[in-house]
Amino acid sequence: MEALEVVGKSVARVDGKDKVTGRATYGYDLVLPNMVYGKVLFSTRPHAKIHLLNVEKARNHPGVLCVVTGEDAPWTWGEAVKDTPFLANGKVRYVGEPIAAVAALDEDTAQAAVGLIEVEYEDLPAYLDAEEACAPGAFPIHEDYPNYRKEQFVNPHTSWPNICEHFKLRTGNVTQGFKESDLVLEERYRVPKIGHAAMEPHSAHAQVDPASGRVTVWVANDAPFRALHILSEALGLPQEQIRLINPFQGGGFGSKGGLKVEPIAIALAYRTNGRPVRVKFNRPETFSSTITRHGATVTIKSGVRNDGTLMARQVTIYWGAGAYAEKSPTVCIRGSLPSPGPYRIPHVQVDGYAVYTNEAVAGAFRGYGIPQTAWACEQHTDELAKRLGIDPLEFRLKNIFVDGDLTYWGEKLQNVGLKETLLKATEGIGWGKASNGSFKRKGVKIGRGFACILKPTRTPTTSTALVTIDASGVATIMAGTVEIGQGCSTILSQIAAEELRIPFEMVRMHPLDTDVIPVDASTTSSRSTYHMGNAVRLAAIDAREKIAKMAAAALGSSDDNLKFSNGNVLLKAGPPGVVSIAKLILDNLGTEGKVCGKGSYTFELGKDLNSNDGHSEHASAFYMYATQAAEVAVDEETGRVRLMRVVAAHDVGKAINPASCVGQIEGGLVMGIGAALHEELIVDRKGKIRNPSFLDYHLLTSLDVPEMTCIIVECPEPLGPYGAKGLGEPGLAPTPAAIGNAVANALGTRIYDLPLTIERVYWAIQSMKKKSPQVQLTGAS
């Protein structure tokens, strides 16, 4: 096998120059010819019937082109469950739900017209807590839920109200496992809703051709082909009648999949006589009216022997879905599946419930449920070790998954880099060694902690790609993977350059347009490097083989005597001979000629989880493994947690671009630190988010970032391109739990609710000092 020339190198990002110079056009900045402007009226009630919706004053306002309501746009959409109206129709289910929209000649006029719309409500019972919402006798948030179209994998609970998904995992017998244990511990953990806080707020542009009825949407969507399918079903149009064009996306972290602003822009575009409509949400609207990360309550009960052997684990999770299902069923399934942690456990029972509430819709967020369950599982695992008097590292090494292990969902694991990440992260933080003392002073406690995770990817899915080479020798990749800031365009360009053996600078990415780009499942679930990387590699190989036939004829040799190098084809043996790829295409196909290679990849062994017991022999094309460790200084007087250092070791399979890997890990760490120490969406008793701006929503800044050490572990996945796995999501999954364990290590008491704010930590310290169970913030039993 030839040595890799481009793959494995930290090349500069192909989109970097356009972004840092301001040449890149993001969806939020896009201006179309003859464009009009849309604004939205949002619900002020968490759950209510709409008794009156009077839009006449708005329609008659000068400069207004149209006003639309749910009656004017009677379409619904949904991924797993088709439950979401384009605009509220007869009923609202959360504060911030779009009720009506206005299109006008300018934004000020549109906003003024929105203020003229009159609404009268009849309030209904509202539920802001998932467990309350699914309690017996609770008022239904979706009365017609039994009649909604649902995907086959959706498994609603038939006897409890407001549940849109019930995931079940059953292995062994937990009752028997608890009987065989020397210690049984049950604890309850809570994780709040948080915002995605992408740099770019949400927006969409839409245009409907009056003659053909064709719908065109310009939107930064992370799964344009999935959005195309959803819109086709909702509007009753063939997919050929819908086109999505993706401009640059200023971050998403899961918030820009499915449909968000698109339905509003489309509803207006049907009434603007062919003029494109732009609808932009400001920051408060993005916080309140798109999606959040799921809040979750996790109860975890474990049985363990005195020697540290895990015997049984039972996990019950209530996921707050918000007012509409969105991706809650799949978050519930994929987040609940590995919730017992990356451990060998013979007896396991998991029940995950995705529950409708009257809050903002929850959906995909980087990590897809793993951060919430890891917060519970990894602290609980530390607590078990503490009560047994076993070092947490020793405890994990005794129980973690290694090659050849059978998981509790019935899959045999291979290529498991978890142990190496665990050893390297703990070594990096100095586990078992004394602190360097730089933060030691009276009233400050130093603590270290770590956490490890396993994450699956969405399986089975398919990616397809084309790679063309023109008569100038430039290769163009046509792929549906969306550049959302993660560096996929660079990774795919490296793969194409590697297989074609052309200079990296000679590879281009085609703009993403569903009219011309082949289908891809989505840019989600850390799947792109593996799935689309394989598809691009196969497409490049196909193109290379076609070029080889041309070269064999031109050089008078056989295909197997050819070597590709630096944009040329050379003879391996015999008389010297060389010809450039560009000349071959020019001579054979002319100045406008192109060689086109095709590639498609599906993990053929992938099987959906069994709905009865949660088992699958191949639940994921690959698994991602990571361990992160943290060192904290906790001020006993104020409760302030100062994060001094964090070490993150991640198994990436093969680092296609090491610098990009480090960037992904660092970005994930920053998000995870924010979720651990600061971030929470505050919802009042009336269902309104009280901190929907960067003034009040506490994001981590550059001044808050501690020393970060990123360690790349390469345990190759044979079916991945060059051995690569995925990396995008695990970066923030173990972070809060690692910090939580470090705080517990420092204080000697555990805090069970996120975030670890100054106030929460202060009162935990006071509670510990007073030994008062009435004010104790822990959930141990």
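Calculation rules
Residues numbered from 1 in each chain as written. Predicted model: local features only at pLDDT ≥ 70, side-chain atom pairs only at ≥ 80, totals over all residues. Heavy atoms only, no water. Helix = DSSP H or I, 4+ residues; strand = E, 2+ residues; numbered from the N terminus. Rg over C-alpha atoms; globule rule 2.2 N^0.38 Å. Buried < 20%, exposed > 50% of the residue type's maximum accessible area, 1.4 Å probe, protein only. Contact = heavy atoms within 4.5 Å. Lys, Arg positive; Asp, Glu negative; His and termini not counted. Charge placed at Lys NZ, Arg CZ, Asp CG, Glu CD. Pairing = 2+ DSSP bridges. Phe/Tyr/Trp six-rings, centres within 6.5 Å; stacked < 30°, edge-to-face > 60°. Salt bridge = Lys/Arg side-chain N within 4 Å of Asp/Glu carboxyl O. Axes fitted to C-alpha atoms, helices over the stretch in contact; angles between N-to-C directions. 1 Å grid on protein atoms, 1.4 Å probe; cavity = no way out; pocket = protein on both sides within 12 Å on 5 of 7 lines; lining within 4 Å. Points joined across faces, edges and corners; volume = space filled by probe spheres on them. Nonpolar A, V, L, I, M, F, W, Y, C, P; charged D, E, K, R; others polar. Expected span 1.5 Å × (residues − 1). Polar contact = N/O pair within 3.5 Å; in protein donor to acceptor, adjacent residues only side chain to side chain. Core = buried A, V, L, I, M, F, W, Y, C linked by side-chain atoms within 4.5 Å.

Engineer: Even after reading the chapter, I still don't get the overall build of the protein chain, so can you show me in this structure?
Structural biologist: What the protein chain contains, in helices and strands, is 18 helices and 29 strands. Its C-alpha atoms give the protein chain a radius of gyration of 27 Å, within 12% of the compact-globule value 28 Å for 781 residues. If one aligns the C-alpha atoms of the protein chain with their principal axes, the spans along those axes are about 85 × 75 × 50 Å. Split into buried and exposed, the 781 residues of the protein chain put 62% on the buried side. Here the analysis covers contacts within the protein chain between residues at least 6 apart in sequence; of these, 79% occur between residues at least 24 apart. Within the protein chain, one finds 81 positive and 85 negative side-chain charges whose respective centroids are separated by 3 Å.

Engineer: Teacher, can you tell me more about the pairing of strand β1 (residues 36-42) here?
Structural biologist: Every other side chain in a regular strand lies on the same face of the sheet, so the side chains alternate between the two faces. Of all the 7 residues making up β1, 7 are buried; the element is thus mostly covered by neighbouring parts of the structure. The two faces of β1 match: V36, G38, V40 and F42 on one face and Y37, K39 and L41 on the other face are all buried. Note: β1 against strand β14 (residues 277-280), 3 bridges, orientation parallel. Residue pairing across strands places Y37 opposite R278, the latter belonging to β14. In terms of strand pairing, β1 meets strand β7 (residues 98-104) through 6 bridges, oriented antiparallel. Note on β7: the bridge partner recorded for Y37 is A104.

Engineer: Mind showing me how you'd approach the packing of aromatic side chains here?
Structural biologist: The way to describe two aromatic rings as a pair is by their centre distance and the angle between their planes. If you walk through the whole model with that rule in mind, you get 20 aromatic pairs. Both rings, one in W75 and one in Y270, keep their centres 5.3 Å apart while their planes meet at 40°; by these two values the pair is tilted. Note that W75 is positioned in the loop between β3 (64-69) and β4 (76-77) and Y270 in the loop between α7 (262-269) and β14, a separation of 195 residues in sequence. The class for Y270 is partly exposed, based on a relative accessible area of 33%. For the ring pair F287 and Y697, a centre distance of 5.1 Å and an interplane angle of 50° mean the geometry is tilted. Placement of F287 in helix α8 (residues 283-289) and of Y697 in the loop between α16 (658-677) and β29 (707-713) is noted, with a sequence separation of 410 residues between them.

Engineer: It is not clear to me how the pattern of salt bridges should be interpreted in this structure. Could you clarify?
Structural biologist: A side chain of one charge can pair with a side chain of the opposite charge when the charged atoms of the two come close. The tally for this structure, following the rule as stated, stands at 45 salt bridges. Between D15 and K19 there is a salt bridge, with its nearest N and O atoms 2.8 Å apart. For the salt bridge of R170 with D351, the shortest nitrogen-to-oxygen distance reads 2.9 Å. Of this pair, R170 sits in strand β9 (residues 163-171) while D351 sits in strand β17 (residues 347-356), and the two are 181 residues apart along the sequence. The class for R170 is partly exposed, based on a relative accessible area of 30%. When salt bridges that share partners are traced, they join E79, D222, R226, K260, E326 and K327 into one network.

Engineer: For this particular structure, what's the right way to read the sheet that holds strand β2 (residues 48-54)?
Structural biologist: Hydrogen bonds between backbone atoms are what pair the strands of a sheet, whose relative direction is either parallel or antiparallel. On the basis of which strands lie adjacent, the open sheet formed by 3 strands has the order β6-β2-β8 and antiparallel pairing. Both edges of this open sheet fall to β6 (91-92) and β8 (118-123), since each of them pairs with a single strand only. Across 6 bridges, β2 lies against β8 in antiparallel orientation. Residue pairing across strands places K49 opposite E122, the latter belonging to β8.

Engineer: Could you clarify how one ought to interpret the sheet that holds strand β18 (residues 444-456) in this entry?
Structural biologist: Within the open sheet, the 4 strands sit side by side as β18-β27-β28-β29. Their pairing is mixed. The two strands at the open ends of the sheet, each matched to only one other strand, are β18 and β29. Sheet twist, expressed as the average angle between the axes of neighbouring strands with direction ignored, equals 15°. In the sheet, β18 pairs with strand β27 (residues 623-635) via 13 bridges, with the strands oriented antiparallel. Within β27, the position partnered with F450 by the bridge is A629.

Engineer: What is the right way to read empty space enclosed by the protein from this model?
Structural biologist: The gaps of empty space that remain are located by a probe, the size of a water molecule, rolled over the atoms. Throughout the structure, instances matching the rule amount to 5 cavities of 30 Å³ or more. There is about 230 Å³ of room inside the largest cavity. The wall of the largest cavity is formed by 19 residues, among which W77, T84, Y94, L259 and K260 lie closest to the centre. Its residues assigned to classes, the lining of the largest cavity shows 13 nonpolar, 3 polar and 3 charged.

Engineer: Explain helix α10 (residues 370-388) here, please?
Structural biologist: An α-helical turn contains 3.6 residues, so a residue and the one three or four places further along point in the same direction. Under the 1.5 Å per step criterion, the end-to-end length of α10 is 26 Å for 19 residues, consistent within 8% with the ideal 27 Å. Along α10, 17 of the 19 residues are buried, which leaves the element largely enclosed by surrounding structure. Looking one or two places after α10, you find G389, whose phi comes out positive at around 70°.

Engineer: Would you take a moment to explain the side chain of S203 for this structure?
Structural biologist: The residue S203 is located in strand β11 (residues 203-208) in this model. Judged by its relative accessible area of 10%, S203 falls in the buried class. Here the side chain of S203 touches G27 through a polar contact of 3.5 Å, landing on its backbone oxygen.

Engineer: Can you walk me through unusual backbone geometry in this structure?
Structural biologist: Across the chain, the bulk of peptide bonds are trans and the bulk of non-glycine residues have phi less than zero. Following T459, the chain continues into P460 via a peptide bond in cis, with omega recorded as -5°. As for its placement among the helices and strands, P460 is situated in the loop between β18 and β19 (462-470). Of the consecutive residues L754 and P755, the connecting peptide bond is found in the cis state with omega at -5°. Residue placement: P755 occurs in the loop between α17 (735-747) and α18 (758-770).

Engineer: Would you explain the nonpolar core in this entry?
Structural biologist: The nonpolar side chains of soluble globular proteins are, as a tendency, buried together. Within the largest apolar cluster, 100 residues are counted, with the highest numbers of intra-cluster contacts made by W409, V632, V634, I739, V743 and L756. No other element matches α17, which puts 7 residues into this core. Listed in part, the 41 residues of the second largest apolar core include A479, V579, L584 and I656.

Engineer: I tried to follow the side chain of K260 on my own but got confused; where do I start?
Structural biologist: Secondary-structure assignment places K260 in the loop between β13 (242-246) and α7. In this structure the side chain of K260 is engaged in a polar contact, spanning 2.4 Å, whose partner is the backbone oxygen of G257. At 2.7 Å, the side chain of K260 forms a polar contact with the side chain of E326. With near-sequence residues (within four places) excluded, K260 lies in contact with H202, S255, T290, I291 and E326.

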